[in-house]
Amino acid sequence: MHRVTGRSAGSNLIEMSPSDSYNDDVNGYYQDSPSPGSLHGESEIEKQQQSKDLVFLRDGVRRIDFVLSYTEEETEGRPGRKRELYEANLVKIGLELETEDKSESEDGKTYFLKIHAPWEVLATYADVLKVKVPFKTSDIEKKNAMRMSWLATPFRLPEHIMYPEPDYFTATFNKTKSDFFLIDDRDTFFTPATRNRIVYYILSRCPYTEDEYVEKDKKGIKRLLNNGTYTGAFPLHDSRYWTRYKDPSCERDRYNLYQHWAKFSCFFKEQPLNLIRKYYGERIGLYFAWLGFYTEMLVFAAIVGTICFLFGLSSYKDNEWSKEICSDEIGGNIVMCPLCDKKCSYWKLNMTCNASWQAHLFDNVGTLFFAIFMGIWVTLFLELWKRRQARLAYEWDLVDFEEEQQRLQIRPEYENKCTSRKLNPITQEAELVFERTATDLVGKLFLCWVTVFFWISLTVSCIIGVIAYRLAVYAAFASFMKDNAHLNKMGSSITPQLATAVTGSCINFIIIMILNILYERVAVWITDLEIPKTHVEYENKLTIKMFLFQFVNYYSSCFYVAFFKGKFVGYPGGYSYMFGQRSSLRNEECDPGGCLIELTTQLVIVMTGKQVWGNIQESLVPWLKNWWRSKRVRAHPESLDSRWEQDYNLLMSGHLELFYEYLEMVIQFGFITLFVASFPLAPLLALINNIIEVRVDAWKLTTQFRRPVASKAHSIGAWEEILSGIAILSVVTNAFIVAFTSDMIPRLVYMYAYQPDGVVTMKGYINNSLSVFKISEIPLDNRPEDGEIPYWFSSSITTCRYHDYRYPPGHTNQYTHTLQFWHILAAKLVFIIIMEHVVFLVKFSLAWMIPDVPADVTDRIKRERYLVQEYLHNYEVERLKSQLSGNKDDGTDEDAVYSSLPTHEVLSEHL
C-alpha cells in the first residue's frame, strides 16, 4: 500500500513527490488499481482470489521486489517508532509498501512488509547506478558449431535454459533518453535481479530518524536488522523449486535452475550460467563460472595424475630397492639403530618391506613428470580463465564496471564515519572522506597486524604441539605394539611410525577445524577496524587476511613433513633434540618408507577430511535447520503458504557466504598444486569433490536459502592474485619435494655415479644408502632398555645401520659426511635450479603467447562502443530536428513523457 508523508530533511537519497510517483501513466498501471490503505494492511479493498504463492501485491499487477519481516506484538515503543519512521522515509523516496498483518501469517505473529519499486524509482536509480540495458539486438553472428560437436550432445542443456534472453547490444541507462532503449514493457524491462539490487541500495541508505534529527549512524536496513527492529530482509524467489506454475506467463527461473542445474542427476551437464546470472546476479554467476571452469581443467590433471599412479603400479614388481629390503639375505641381515631413546630397540630392515612397496607407488619417475606437468597446467588454467572471464565480462556487461561503479559501492559503514569532503582530482566532484589522524592510523594498523601475527604464531605453536605429541607417543606406540603379540605380527603393515603419523594427522585436522572458527571472527573484526571505503576494498582486505590465516593453518603441517621432518636428526652418536637434550624429545625421523609417504598420508587426511566435512556442512546442516524450522511446509509442500512465508522459513545467506565458497576452493587448489608431487591422485580427488560441490552449492542456493540480493562483480577479485601466487610457489615447492623429500635424486646419483659394477642398475643401492655405527659407542641415554632388546639380538652384533651418508667407524673422518653426500646435495640443488627455470620459462612463454582477451571479444567490444556512439548521435540529431520543427511525437518525445513529473533532488552524499 502507498504511504504518503512529508520529506525528511537531510535525507541522502533521491526523493520525489508521492502523489506524482504514483501516476498511472508513469508507472504503467491500470487506472482501476487499488487505492492506498492504512499503515498495517487494513486495506479498503478485499484480497483478490489468487494464489498467495505469486510474487505480486494484492492487485496482482505490481511485483514484490523486496520483503521485510518483523514479529513485534505491539507497534508502540522504540522499535515500532524506528520502523514507522523508516517506512515513511521509504515512501518519500517513492517505494510502494503493502503490509500483511500477523493474523495472515502461518505462525500468527509475523508481519510481512512487501515493497514494490515503481518505474520512476527504477529509472532514477538505474541512471544513478549506471545499469546497462539493451538498445539494439546484436547483429553479430554466432560462431558455427565445432566439428564433431554431436559428441557433446549428452552434456548440453536446452537452448532456452542456456540462453534465456536474446543477445543485445547494451548501453548505460539514461532516464532522459528512455525511448532510445528497447522498452517493450516497463514492468519487465528491468530484470528481477536488477530490481532487487536497486531496492536494496535504497534500503541500505535510508534513514530511520525524524526530519530534524538526521544522524549518519541511524540509517540502513543492516542496523535495523541488528537491533531487532526487523527480523528479515530479502527478495523473493520467483516460484517453488519443486513444481512449476500452471500459468505459462509466470516466471519460473528457480524451477528451471532446480531441474537443470541443482539436481545431482545433472552432474555431467553444463551449467546454465546465463540463467544463473539472470536470477542471482553477476557476482554469483562468476563464482559458478570459475568453479565450473576449474572443474573442467581438473579433468586433464586427474587423467595425467592417474596415468602416473598407474605407471607406479605397473612398475611395482620392478622396484629393485624394495626387493633388497624385503629379501632375507639383504634386508633380513641388516640391523638398524633404534629410532627413539630407551623404549625403541634394534630392528631389521625387512620390517619396512610393505612401506617401501607403498612408497614406490608415489616415489617414481612419474612423480617428476607430473610435477613438471602441473607447473604448466596451472599456467594454462590461469591464462585460459582470464580469457573465459573476459568473454563473460563482455556478455554480462561488466567491461567498464570497475571504473563506472567503484564509487557507487561505498560502504554505508564508511559513510557513517565521514566528517568532511574532498575534491576528487579525477571526477572533479566533492566526495565524502574519513579523515584519520596519523596516531589513529598507525595505532589501528599496528593493532591489526600484531593480531594477525599473534594468531599465525598460535597456529605454528599448535603445529609444534602436534610434533611434540608425535615425538612423545612414538615410543609408547613402539612399546605397546611390542607387548601385544597380535599387533606385533602386523608390524610390517602397521608400524609405530605409521600409527604416529595417522593419529598426529587426525589431531592436526581437528585443531585446524577449531582454529578456523576463531580465524573467521578475528579476520572480520580486524577488517572492520580498518573501515574500508568500498565493498571491493573490504572483501580484498578480508581475503588477504583470511587466506593468510588459512594458508598457515592448513599447509604448515604439510610443509613440516615435506621440508623439515627427518632433515635434522643427527646420527646415533649425536642426535638432535627438539627443545634441547634435556627435553628427551628427539627430532623425528622419516617413516622407513621415506618422508614422501608420510606427506601423502598427511595430505590425504587433511584434504579429504576438509572436503568431506565441508560437504556435510553445506548440505546436511542447512537441510536439517530448514527441516526443523518449517516441518509443516516440508510435510505438505502443496500448502498455500505465501511466497514470502515460504522464503522466510529458509536460511538467510550471509554477505560473506560466497567468500567462504571461494576460500574453500582456493585452499583445495593449494593442496593439488603445492604438494601434488607427493600424491598424483590429488587432482582426481579434487575433481570428484568439485563435481559434487557444484551441485551441492547449486542445490543449497536454490532450495535451502533465501534468494540473495543480486550484486555485480567484474572479476573474481583478489582471488585471482592469490591463485597466481600459489601457482608460482607451487613450482618451488614441488621442485624441493622431488629433490629433498623424495629419494629420486640419491637413486639417480647412485645409479650413474656410484654403481660398483659400472652398470645402470639399482642393485646394491640399499647397502650404499645406509651408514654404519658401532653399537658400543651409542651413549647410555640413547640405548634401549634391557626389556626392549629383541630375542634375535646377540653380542655378536656389533654395528647397526642408519639412513645417512657418513664415514664408518675406524675411518679418519668417522661419522662425518662422505663425498657422496655432497655430490647428492649438489645434484639436488642443480635439479631445483633446472626444473624451476624450465617450468618458469614455459609458464611465462605460455602467459605471453595467450592473450587475456580473445580477439573476437575485443572486436565485439569495439563494435558495441561504436554503435553506442553512432546511435546516440543519430538519436540526438533526430530529437533536435523534432524540437526545431515543433512536431513532437507524444509517443517518443521524452519531455512530453516526463512533463508531469516533479523535479528530483539528488542529496546522496556518496556520489
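The rules behind these values
- Residues numbered from 1 in each chain as written.
- Predicted model: local features only at pLDDT ≥ 70, side-chain atom pairs only at ≥ 80, totals over all residues.
- Heavy atoms only, no water.
- Buried < 20%, exposed > 50% of the residue type's maximum accessible area, 1.4 Å probe, protein only.
- Helix = DSSP H or I, 4+ residues; strand = E, 2+ residues; numbered from the N terminus.
- Axes fitted to C-alpha atoms, helices over the stretch in contact; angles between N-to-C directions.
- Parallel < 35°, antiparallel > 145°, perpendicular 65-115°, else oblique.
- Left-handed = near helix turned anticlockwise from the far one by under 90°.
- Contact = heavy atoms within 4.5 Å.
- Nonpolar A, V, L, I, M, F, W, Y, C, P; charged D, E, K, R; others polar.
- pLDDT = per-residue confidence, 0-100.
- Pairing = 2+ DSSP bridges.
- Disulfide = S-S within 2.5 Å.
- Lys, Arg positive; Asp, Glu negative; His and termini not counted.
- Salt bridge = Lys/Arg side-chain N within 4 Å of Asp/Glu carboxyl O.
- Polar contact = N/O pair within 3.5 Å; in protein donor to acceptor, adjacent residues only side chain to side chain.
- Phe/Tyr/Trp six-rings, centres within 6.5 Å; stacked < 30°, edge-to-face > 60°.

Visitor: Before we go on, may I ask you to explain helix H13 (residues 353-360) in this structure?
Guide: Owing to its 3.6 residues per turn, the α-helix aligns residues three or four sequence positions apart on the same side. The element H13 is extensively covered by neighbouring structure, given that six of its eight residues are classed as buried. Residues Cys 353, Ala 355, Ser 356, Trp 357, Ala 359 and His 360 constitute the buried set of H13.

Visitor: Explain the packing of helix H20 (residues 535-563) against helix H24 (residues 657-674) to me, please; I cannot follow it from the model alone.
Guide: Following both chains from N to C, one finds H20 and H24 inclined at 40°, their axes separated by 11 Å at the closest point. Taken as axis vectors, H20 and H24 run oblique relative to one another. With respect to the hand of their crossing, H20 and H24 are arranged in right-handed fashion. Only Phe 659, Tyr 660, Leu 663, Val 666, Ile 667, Gly 670, Phe 671 and Leu 674 of H24 make contact with H20, whose side of the interface consists of Leu 542, Thr 543, Met 546, Phe 547, Gln 550, Phe 551, Tyr 554, Tyr 555 and Cys 558. In the contact of H20 with H24, the residues fall into 14 nonpolar, three polar and no charged.

Visitor: Which parts of the structure should I look at to understand the confidence of the model for the protein?
Guide: Looking at the protein as a whole, the pLDDT averages 78, with 78% of positions reaching at least 70. Residue range residues 1-50 is modelled with pLDDT below 50. Its contacts to residues more than four positions away, or to other chains, number 141 contacts. Scored below 50 in pLDDT, residues 888-911 makes 62 contacts in the model with residues more than four places away or belonging to other chains.

Visitor: Please clarify how the sheet that holds strand S1 (residues 66-70) should be interpreted in this entry.
Guide: The pairing of strands in a sheet comes from backbone hydrogen bonds and takes either a parallel or an antiparallel form. Taken in spatial order, the four strands make up an open sheet running S2-S3-S1-S6, and their pairing is antiparallel. Only two strands of the sheet have a single neighbouring strand rather than two, namely strand S2 (96-100) and strand S6 (232-234). Across the sheet, the axes of successive neighbouring strands diverge by a mean angle of 15°, strand direction being ignored. For S1 and strand S3 (residues 111-116), the ladder comprises five bridges, and the chain directions are antiparallel.

Visitor: How do you make sense of the environment of Leu 392 when you look at a structure like this?
Guide: Within the secondary structure, Leu 392 sits in helix H14 (residues 365-395). Sequence separation between Leu 392 and Glu 282 is 110 residues, and the spatial gap between their C-alpha atoms is 9.4 Å. Apart from residues no more than four positions distant in its own chain, Leu 392 is found in contact with Leu 286 and Ala 289.

Visitor: For this particular structure, what's the right way to read the state of the cysteines?
Guide: Two cysteines, two sulfur atoms, one covalent bond between them: this is a disulfide. Taken as a whole and judged by the stated rule, the model has three disulfides. Here Cys 326 is linked by a disulfide to Cys 353, with a sulfur-sulfur distance of 1.9 Å. Taking the sign of the S-S torsion, 100° for the link of Cys 326 and Cys 353, the bridge is right-handed. Note that Cys 326 is positioned in helix H12 (residues 320-326) and Cys 353 in helix H13, a separation of 27 residues in sequence.

Visitor: Hey, could you run me through unusual backbone geometry in this one?
Guide: With the exception of glycine, the majority of residues adopt a negative phi angle, and the majority of peptide bonds are in the trans configuration. Here the phi dihedral of Lys 130 falls at roughly 55°; this positive angle occurs in a residue that is not glycine. Locating Lys 130 in the fold gives a position in the loop between helix H4 (119-128) and strand S4 (132-137). Note on Lys 130: relative accessible area 33%, which makes it partly exposed. Positive phi, normally seen in glycine, also occurs at Tyr 815, with a value near 65°. Along the chain, Tyr 815 turns up in the loop between strand S14 (799-803) and helix H29 (819-849).

Visitor: Looking at this model, I keep getting lost on the side chain of Arg 801. Mind explaining?
Guide: Among the structural elements, Arg 801 can be located in strand S14. Put simply, Arg 801 is tucked away with no salt bridge, and the nearest opposite charge, on Glu 324, sits 9.8 Å away. Within the structure, the side chain of Arg 801 is placed 2.9 Å from the backbone oxygen of Leu 770, a separation counted as a polar contact. A polar side-chain atom of Arg 801 sits 3.3 Å from the main-chain carbonyl oxygen of Ser 771. Leave out the neighbours within four places in its chain, and Arg 801 touches Ile 334, Val 335, Met 336, Cys 337, Asn 767, Leu 770, Ser 771 and Val 772.

Visitor: When you look at the packing of aromatic side chains in this model, what are you seeing that I'm missing?
Guide: The description of two aromatic rings rests on the distance between their centres and on the angle between their planes. Throughout the structure, instances matching the rule amount to 60 aromatic pairs. Ring geometry for Phe 180 and Phe 181: centres 5.1 Å apart, planes at 85°, overall edge-to-face. Take Phe 180 and Phe 181: they sit in the same class, and that class is buried. Arranged with centres 5.3 Å apart and planes meeting at 70°, the rings of Phe 659 and Tyr 660 form a pair that is edge-to-face.

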